[in-house]
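Chains, contacts and geometry: an overview
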Amino acid sequence: MAALEDEFTLSALALGTGPDGLLGVEPSDKTDHFLVTDRSRTVVLYKVSDQKPLGSWSVKQGQIITCPAVCNFQTGEHIVVHDNKVLRIWNNEDVNLDKVFKATLSAEVHKIHSIQGTEPLVLFRGGAVRGLEALLAEPQQKIETVISDGEVIKWTKFFMVFRHPALVFITEKDGNHFAYVQMFNSQNLSKYSLFLGQEEKSVTLNFTAYVDRKFISLMSLSSDGCVYETLIPIYPSDTEKNQRLVRSLLLKAAVSGITRNSVTLTALDQDHIAVLGPPLSSAKECLSIWNIKFQTLQTSKELPQGTSGQLWFYGENLFMLHGKCLTVVPYKCGVSSLAGALGKLKHTQDPGTQKPHFVNWEMSQGCGLGSPNSEQSRILRRKKTEASLQPEVPASEQLLSTVKNGSEKYIEVELRKFLAKWTPDFHTIGDIITGLLGRCKAEPSFYPRNCLMQLIQTHVLSYSLCPGLMDTALERKDVQMLQLCLQQFPDIPETVTCACLKMFLSIGDDSLQGMSINVESVFYYSNTEQDEKMKEQPEILQNGFNPEENNCSNCKQDLNEKPQDSTEETALCPVIPKRAALLNGILHSAYSETFLLPHLKDIPAQDITLFLQYLYFLYLKCSENAAMTLPGIRPPTLSQIMDWICLILDANFTVVLMIPEAKRLLINLYKFVKSQISVYSELNKIEVSFRELQKLNQEKNNRGLYSIEVLELF
Amino acid sequence: MGEFKVHRVRFFNYVPPGIRCVAYNNQSNRLAVSRTDGTVEIYNLSANYFQEKFFPGHESRSTEALCWAEGQRLFSAGLNGEILEYDLQALDIKYSMDAFGGPIWSMIASPSGSHLLVGCEDGSVKLFQITPDKIQFERNFDRQKSSAIQKMIVDRQYMGVSKRKCIVWGVAFLSDGTVISVDSAGKVQFWDSASGTLVKSHLIANADVQSIAVADQEDSFVVGTAEGTVFHFQLVSVTSNSTEKQWVRTKPFQHHTHDVRTVAHSPTALISGGTDTHLVIRPLMEKVEVKNYDAALRKITFPHRRLVSCSKKRQLLLFQFAHHLELWRLGSTVATGKNGDILPLSKNADHLLHLKTKGPENIICSSISPCGSWLAYSTASRVFLYRLNYEHDNISLQRISKMPAFLRSALQILFSEDSTKLFVASNQGSLHIIRLLEGSFKHLHTFQPQSGTVEAMCLLAVSPDGNWLAASGNSAGVHVYNVKHLKLHCTVPAYNFPVTALAIAPNTNNLVIAHSDQQVFEYSIPEKQYTEWSRNVQKQGFHHLWLQRDTPITHISFHPKRPTHILLHDAYMFCIIDKSLPLPNDKTVLYNPLPPTNESDVFRRRTAHAFKISKIYKPLLFMDLLDERTLVAVERPLDDIIAQLPPPIKKKKFGT
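Here the structure is a predicted model, which means the values were calculated and not measured.

A short note on the side chain of Thr 446 of chain B
All names here are of chain B. Tracing the chain through its elements places Thr 446 in strand 38 (residues 440-447). Note on Thr 446: relative accessible area 16%, which makes it buried. In terms of polar contacts, Thr 446 uses its side chain to reach the side chain of His 443, at 2.8 Å. In this structure, Thr 446 is in contact with Ser 430, Leu 431 and His 432, ignoring residues within four places of it in sequence.

Here we look at the sheet that holds strand 8 (residues 82-87) of chain B
All names here are of chain B. Taken together, four strands build an open sheet; the order of strands is 6-7-8-9 and the sheet is antiparallel. Either end of the sheet is taken by a strand with one partner, and the two such strands are strand 6 (63-69) and strand 9 (92-98). Neighbour to neighbour, the strand axes of the sheet diverge by 25° on average, direction disregarded. Here strand 6 pairs with strand 7 (residues 73-78) via six bridges, running antiparallel. Looking across to strand 7, one finds that Leu 66 is bridged to Ser 76.

Quick look at the sheet that holds strand 12 (residues 121-124) of chain A
As a general point, the strands of a sheet are linked pairwise by backbone hydrogen bonds and lie either parallel or antiparallel. Residues and elements named next belong to chain A. Pairing in this open sheet of three strands is antiparallel, and the strands run 11-12-13 from one edge to the other. On the outer flanks of this sheet lie strand 11 (109-113) and strand 13 (129-131), each paired with one strand and no other. Each adjacent strand pair in this sheet contributes to an overall mean axis angle of 20°, direction not counted. Pairing between strand 12 and strand 13: three bridges, direction antiparallel. Of the residues in strand 13, the one forming a bridge with Leu 121 is Gly 131.

As for the nonpolar core
In this structure, Leu 469, Phe 489, Phe 504, Leu 600, Phe 611 and Trp 644 of chain A are the most contacted members of the largest nonpolar core, which totals 87 residues. If one sorts the elements of this core by residue count, helix 17 (residues 605-623) of chain A sits on top with twelve residues. Phe 504 of chain A has contacts with Val 479, Leu 482, Gln 483, Leu 486, Arg 579, Leu 582, Leu 583 and Ile 586 of chain A, leaving out every residue within four places of it along the chain. Core analysis: the second largest hydrophobic core is formed by 35 residues, Ala 32, Val 40, Ile 400 and Leu 407 of chain B among them.

Comments concerning the interface of chain B and chain A
Between chain B and chain A, the residue contacts involve 37 residues of the former and 13 residues of the latter. Between chain B and chain A, roughly 2,300 Å² of surface is buried when both sides are summed, and carbon and sulfur atoms account for 61% of that area. Counting across the chain B and chain A interface gives one salt bridge. Between Arg 8 of chain B and Glu 709 of chain A there is a salt bridge, with the nearest N and O atoms lying 3.1 Å from each other. Run the count over chain B and chain A and you get eleven residue pairs in polar contact (both at pLDDT 80 or more). At the level of elements, strand 1 (2-9), strand 29 (342-343), strand 49 (574-578) and strand 50 (611-614) of chain B are the ones that each hand at least two residues to the side of chain B that touches chain A. Looking at the side of chain B that touches chain A element by element, the count peaks at eight residues for strand 1 of chain B. Broken down by class, the residue content of the side of chain B that touches chain A amounts to 20 nonpolar, ten polar and seven charged. Where strand 30 (residues 706-713) of chain A lies against strand 29 of chain B, two bridges are found, and the strand directions are antiparallel. In the sheet register, Glu 709 of chain A faces strand 29 of chain B, and the bridge partner there is Ile 342 of chain B.

Details of empty space enclosed by the protein
In this structure the tally under the stated criterion is seven cavities of 30 Å³ or more. Each pocket or cavity is described by its volume, and for the largest cavity that value is around 220 Å³. Surrounding the largest cavity, 19 residues form its lining, Phe 302, Pro 303, His 304, Thr 551 and Ala 571 of chain B being those nearest its centre. Listed by contribution, the elements that provide at least two residues to the lining of the largest cavity are strand 25 (298-300) and strand 51 (620-627) of chain B. Partitioning the lining of the largest cavity into residue classes produces nine nonpolar, four polar and six charged. Lining the second largest cavity we find Gln 483, Leu 486, Gln 487, Asn 518, Glu 520, Ser 521, Ala 581, Asn 584, Gly 585, His 588 and Arg 634 of chain A. Secondary-structure elements contributing two or more residues to the lining of the second largest cavity are helix 10 (479-488) and helix 15 (577-588) of chain A. Looking at the lining of the second largest cavity residue by residue, the classes come out as two nonpolar, seven polar and two charged.

Observations concerning the state of the cysteines
All names here are of chain A. Evaluation of the coordinates by the stated rule reveals zero disulfides over all chains. Unpaired in terms of disulfides, Cys 451 finds its nearest cysteine sulfur in Cys 440, a separation of 9.4 Å. Accessibility expressed as a relative area gives 0% for Cys 451, which makes it buried.

Some thoughts on the pattern of salt bridges
Residue and element names in this part refer to chain A. Counting across every chain of the model gives 33 salt bridges over all chains. One salt bridge connects Lys 60 with Asp 98, and the closest N-O pair in it is separated by 3.5 Å. One end of the pair, Lys 60, is in the loop between strand 6 (52-58) and strand 7 (65-72); the other, Asp 98, is in the loop between strand 9 (86-90) and strand 10 (101-104), and 38 residues separate them in sequence. Given a relative accessible area of 46%, Lys 60 falls into the partly exposed group. Between Arg 125 and Glu 108 there is a salt bridge; the shortest N-O distance is 2.9 Å. In this pair, Arg 125 sits in the loop between strand 12 and strand 13 while Glu 108 sits in the loop between strand 10 and strand 11, placing the two residues 17 residues apart along the sequence.

Some details on the environment of Lys 404 of chain A
Residues and elements named next belong to chain A. As for its placement among the helices and strands, Lys 404 is situated in helix 5 (residues 395-405). Exposure remark for Lys 404: the relative accessible area of 64% places this residue in the exposed category. Here the alpha-carbon distance between Lys 404 and Gly 435, two residues 31 residues apart in the chain, equals 6.7 Å.

Calculation notes
- Sequence order as written defines residue numbering, which begins from 1 separately in each chain.
- Each chain is given a letter, starting from A, and each ligand a number, starting from 1, according to the order in which they appear as written.
- The predicted nature of this model means local features are confined to residues of pLDDT at least 70 and side-chain atom pairs, given and counted, to a pLDDT of 80 or more, with totals for whole chains, interfaces and linings taken over all residues.
- Side-chain descriptors were evaluated using all non-hydrogen atoms of the structure, hydrogens and water having been removed beforehand.
- Think of it this way: any DSSP run of H or I at least four residues long counts as a helix, any run of E at least two long counts as a strand, and we number them from the N terminus.
- Under the scheme applied here, a residue whose accessible area is under 20% of the maximum for its type counts as buried, over 50% as exposed, and between as partly exposed, the area being computed with a 1.4 Å probe on protein chains only.
- In the analysis that follows, any N or O atom pair within 3.5 Å is treated as a polar contact, provided that within protein one partner can donate a hydrogen and the other can accept it, and provided that, for residues neighboring in sequence, both atoms belong to side chains.
- For this analysis, residues touch if any pair of their heavy atoms sits within 4.5 Å.
- What makes two strands pair is DSSP finding at least two bridges between them.
- For helices, the axis comes from a line fit to the C-alpha atoms of the stretch in contact; other axes are also lines fit to C-alpha atoms, and the angle between any two N-to-C directions lies between 0 and 180 degrees.
- Among the buried residues, those of types Ala, Val, Leu, Ile, Met, Phe, Trp, Tyr and Cys that are joined through side-chain atoms within 4.5 Å form a nonpolar core.
- Note on terms: buried area is the combined drop in 1.4 Å-probe accessible area of two parts once they are placed together, counting the loss on both.
- The salt bridge definition used is simple: a Lys or Arg side-chain nitrogen within 4 Å of an Asp or Glu carboxyl oxygen.
- Any residue outside Ala, Val, Leu, Ile, Met, Phe, Trp, Tyr, Cys, Pro, Asp, Glu, Lys and Arg is labelled polar, Gly included; the first ten of those are nonpolar and the last four are charged.
- Here a cavity denotes a set of grid points, spaced 1 Å apart and computed over the protein atoms alone, in which a 1.4 Å probe fits but from which it cannot get out, and a pocket denotes an open set meeting protein on both sides within 12 Å along at least five of seven lines; residues with an atom within 4 Å of a point are reported as lining.
- Grid points are joined across faces, edges and corners, and a volume is the space filled by probe spheres set on the points.
- Two cysteine sulfurs form a disulfide in these notes if their separation is within 2.5 Å.

Here you go:
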């Protein structure tokens, strides 16, 4: 559940706030430190948890700050623009802004964006974007104009999308809005016009955005009080320049129909947005947290002294001007669920230890872009050429593009390199494998078997992460791959398990011979090596009356006969070791009976018999030793074997009854089970005797009604 | 410290009777408990839950209802159709009065305490006025068609809330007009008495809900079920700051294995009792202000008085049951062994005698003389004295008839060490001394109670030299009489907590007194003052673990050869206090069951303290020294008691 905690004031504001509020609040390089820029001349660095300013810098009288100060996370320096064109870069230790590094640019800056993991970007009024390093290398370089005349940038946001920086900015011209998405890995600028839909009268007031996996979800607050969502694709599918995007209603009447300026919204995470503005019922301003998934109001807080209509959200804190004070409202959010949204979820967590439950997967984790340290950067700053300024294409991205069009061999080599270099996280592996499988589908000749095997062996994959993989392997009868998948994936659906079983049973011995299959779970390899070539014997059918068939009463006799009998019949494994290894994989797999049973019915009768024979064989082998285990590495356990015998019999009861091949097998199985039962009943009797003995032992300790004992007191 | 041969006796086949009723008195913080054999016990909840008084049972008197009225007067009613009032001073039955309505199933006092109301078998409800020294029939309420009336909490209104074929086992009438009923269908139901409508119903058990008790504030009540579960219901606000309140089932407790026949609600605790014979006092943690020992769960199973006496000379044990006595001779062994060894018996214990009482009354007290040739016991109306003759293995019993008329009933009987005198504490507060002669007796003297007091003496102790007799009642101090000069010698200053055990040490004639708050005092009779050791103990204080024990010391004895040793025991431990050793402080380990093997002598000497405790024998009903190297311990394992109870309601458990 999302919750707002008690607010606190950062400063009773010596900041020169105009009626328009602050210029901006931006995070600094240390957690909990924030740069606050006011509308006139001052930048203040606050430590939020201590509620105190750590430093304050002002530009000279007559100069005016035009864009909020940001922190260059790579160097730890602060950057600010005053008088539209003058860039200042300074350190915490610097006192006078007049004496710090200065660069005068050739065009007016709209805003500088800086986020963790990448260099700051400078967005010019004309829509052009430059990396800071490139700009500083040649401050007077010519800045082109991207947007048309009369178009004004209204809102901007800088993201990391799969470790690639992406800048989104919204412009307005004659009441129409346009979205520009600048991807820096591809230097690709896409323009979209935002289509309002039916509600033509309403005016879009404010925007916020959140990056989903494939889309940038742009949320806009409209003057009719509703929140709309527009999805902007991250990777534009076609290169057509001006695409139209239609917005959809996300949240109705989040704030009252307003024309005033003091409404805004901010995306908190994929499910929650914060809306600042008067709610429908009252005229007082309110900070409300909405769950957009369930469209419920999670919490709200009245702000009676009014706000400037600005809201910033970083980490766990919401910043706003409340009255004249810069106010921080800590925001915590649990995993949102229906139960939580309906208030049915128990609030078990200690509020003190609660952490936000979303993780910024897009956040760089020290690899990928790789941030050069500040010293280097500073030296490099002026030397770098424009060519090298483009963010490096990360290895995974490179690999992905290789996957798209490289040859099988080349991909394999690249993949090996990549895996050797990076510890794989499941996003990248997932992307790579999806790419590979996609290509497999598209090009029937393309089947990068080794790559897939390598990827599976990274242990990060699961069935749900690459649903196509096992299907592809099934299509191509790649039993080796299937064996590996069965071993590695924890979440294989029963359909697929059953399909695998079907294939393992039906695939010809000849085709198995050629494959390299891990047979470590098959212990009797050497015993049966010589039999490998032996063809599966056709079942010997006994004609007519079988005296053993219904001699239920002669169990004792059976018991005596059985050992020789069974060894004779089943010393030979009914399947070749490779097949046995595959089947063992099936026996080990997790399943739920209800889901498995219907699929087992589809297996042909011949295969069922074979499988039963194999299970019977394993069962006999198991019973050979007292511990009821099979030798070998990861052999099937007795209970697995028993469960599968039951499953197979349950699913195909009539079939096995009908087919003559199974008859003898069933009789043998029955006899064996029967003899086992009689053994166990004998064991039962012994157990009772032992229990009595144990009881007697205990009674001895219980001492009876009277005894004389020795006691020594210490 | 010493090595002993311990006769570990488990053949005392004592089963406490089940609990039928409990009644809590808020004024005196006392709890009256009636058992299925008609015994009524009074527990002083302020005095560490000590069972300070008891009224012996009677075969024909099955107590079905128990209540306090008019302050601290205790009444009971039962299936013999009589209402009884108990004399809490003289520990006697004041009077009994027939209600003339057949067996009485329920009784309740009016809230003011001025009237008693009984529900009779014939369906009538009878109102009695409580006069200062009796009760007086006032009126009879109309006979109802259904004959079973269970309980009425407030007079003049009868709520017919029976449903289907189920039995309403109890009702409670709250001052806001809510009636709460508990019934055999396992339901607790709330009714509106004005409209007669069901307001709410809680199904809490698969078996009968048999009892209900409401707190005085009417903000909480407790019910007990036949499954042994006790449920606590509380009136709580619907939301945190609304005035609207509702009854909510808050806590279930499972401290019983059998039917919870009765419950009571003290301001700070839920009290329950039933067929499994345990009296359970479960403190409500939210009501307990200080986290002291009162905040602990209490389970009282055994009486806080001795049921066993012992003849040291002949190694006999006399066991007291409700209606008979058993005399056993201990076995013997010639073997020796080391700590923990069980020695082979050369002779097993013998059951010598099974003496049944005549009449329906329960035995109050019993005693066997140290020499083993005299045996005495008392019921509520008679004292019996027997002479035992031993001829080889045969034993013959001779009843001494013609006991003097004043020996009507004894609360405590004690033989002198040389078995020549018999001391009898009668329930009128007087102490009789009787000289025993071969086959006859002679009344020597009677110490009359202090003028004006009628408090019964329940504990007696005589000095081994026979010169001193100490007697203690419930509240006043311990009186010490000079037996030679037949006069009161001194009175030990009264202490806040009742005495649980008394004994006079040989030679020194120091009187050792144990109180229910676990304090132990030593008082020198000749010097008429507390001994130096006792003063030291009081100065330093007992170890906190000693004070936290929850059963009283029921017996004190002395080592014949080691004058510094005091032996005492409660139900869960037995202790030898060596007065020559330093007292333990709160930092030392009070109970160390392991022999100090590895430590040096220095260390051992440094850590050794006066309290040598053994917890091997439990529950311990009796322990005494037979001679300087032999102890006898009478245990009564709970499992053996449970085995003799009726089977509990079988609950379906998964997998069974």
